[in-house]
Amino acid sequence: MRAPRYTRAMLTDLMSRAMIVMLFSMLSVNIFGDFMRTGHVTGLLLLAGESLVVILTVVRRKAQLVDRSIAAGVMTLVSVAGPPLLRASGTAPLVPDVATAMVSALGLVLVLVGKMTLGRSFGLVPANRGVVVRGPYTFVRHPIYTGYLITHVAFFIANPTPWNTAVILIADTALILRALMEERVLSEDAEYQGYCQRVGWHLVPGVF
């Protein structure tokens, strides 16, 4: 006998939430451990930006439309699982740590403001949980991702290793593709279509 559709949806939702908690815990342990070993504050700043993920995932509203394609799942997984794999090098950064900390803090603030603005519309997999057009979303369509890109660049400058280069290139490429997939899902919403006419930039004003 087939399980009711709502039961399958509930199980899928619970599994996705559990995965988010697991990834967040792994990220927290990794970043804190790196901070204890190196004393670099850049990596530690990444932790605060992730703290809202669990909270917003718990209170998020039901999605009107979700991209359940394999491609969307892979891009989401790679973009989320990549940052926990970053490693502090323990070697001299390209610029003083205070400078990378300031850049990372800028990205962190953007991430936090973006998440708080998104509120219950927050989610990981590309979906329509309500169109948000205020705050930092009046400048770019994906301010949270812009903040992540800034913090990742700052982390790399503080810890320039071949491993971190590969992780950031792969994870952030997936992040950009994930952003475009989100737009594809939201493009069916008339309100979002009007929003895109007002805000043309995906991540960086004047560039992309």
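All values reported here derive from a predicted model rather than from experimental measurement. (Residues numbered from 1 in each chain as written. Predicted model: local features only at pLDDT ≥ 70, side-chain atom pairs only at ≥ 80, totals over all residues. Heavy atoms only, no water.)

Glancing now at the overall build of the protein. Within the protein one finds seven helices and two strands. What you see in the protein, going N to C, is helices and strands ordered as α-α-β-α-α-β-α-α-α. Within the protein, the proportion of its 208 residues that are buried is 43%. Residue pairs in contact within the protein that sit at least 24 positions apart in sequence constitute 83% of those at least 6 positions apart. Accessible area of the protein: about 11100 Å², with a carbon and sulfur share of 72%. (Helix = DSSP H or I, 4+ residues; strand = E, 2+ residues; numbered from the N terminus. Buried < 20%, exposed > 50% of the residue type's maximum accessible area, 1.4 Å probe, protein only. Contact = heavy atoms within 4.5 Å. Areas by Shrake-Rupley, 256 points an atom, 1.4 Å probe, with all protein chains shown as cover.)

Another aspect to go through is the packing of helix α3 (residues 70-81) against helix α6 (residues 162-186). In the contact formed by α3 and α6, the axes pass within 8 Å of each other and the chain directions differ by 135°. Relative to α6, the element α3 lies oblique. Taken as a pair, α3 and α6 cross one another with a handedness that is left-handed. Only Ile170, Ala171, Ala174, Leu175, Leu177, Arg178 and Met181 of α6 make contact with α3, whose side of the interface consists of Ala71, Ala72, Met75, Thr76, Val78, Ser79 and Val80. A breakdown of the residues in the contact of α3 with α6 according to their chemical character gives eleven nonpolar, two polar and one charged. (Axes fitted to C-alpha atoms, helices over the stretch in contact; angles between N-to-C directions. Parallel < 35°, antiparallel > 145°, perpendicular 65-115°, else oblique. Left-handed = near helix turned anticlockwise from the far one by under 90°. Nonpolar A, V, L, I, M, F, W, Y, C, P; charged D, E, K, R; others polar.)

Bringing α3 into the picture now. With twelve residues, α3 extends 16 Å between its outermost C-alpha atoms, agreeing within 8% with the 16 Å of an ideal straight helix rising 1.5 Å per residue. Listing the buried residues of α3 in full gives Ala72, Met75, Thr76 and Ser79. Buried residues along α3 cover an arc of 100° about the axis, so they all sit on one side. On its buried face, α3 sits against α6. (Expected span 1.5 Å × (residues − 1). Arc of directions from axis to C-beta.)

Where helix α4 (residues 97-118) meets helix α5 (residues 143-158), the axes come as close as 8 Å, and the angle between the chain directions of the two elements is 160°. It follows from the interaxial angle that α4 and α5 lie roughly antiparallel. Both α4 and α5 take part in a crossing whose hand is left-handed. From α4, Asp97, Thr100, Val103, Ser104, Gly107, Leu108, Leu110, Val111, Gly114, Lys115 and Leu118 reach across to α5, where they touch Pro143, Ile144, Thr146, Gly147, Tyr148, Ile150, Thr151, Ala154, Ile157 and Ala158. Of the residues contributing to the contact of α4 with α5, the split by class is twelve nonpolar, seven polar and two charged.

Shape is all these values report; function is a separate question.
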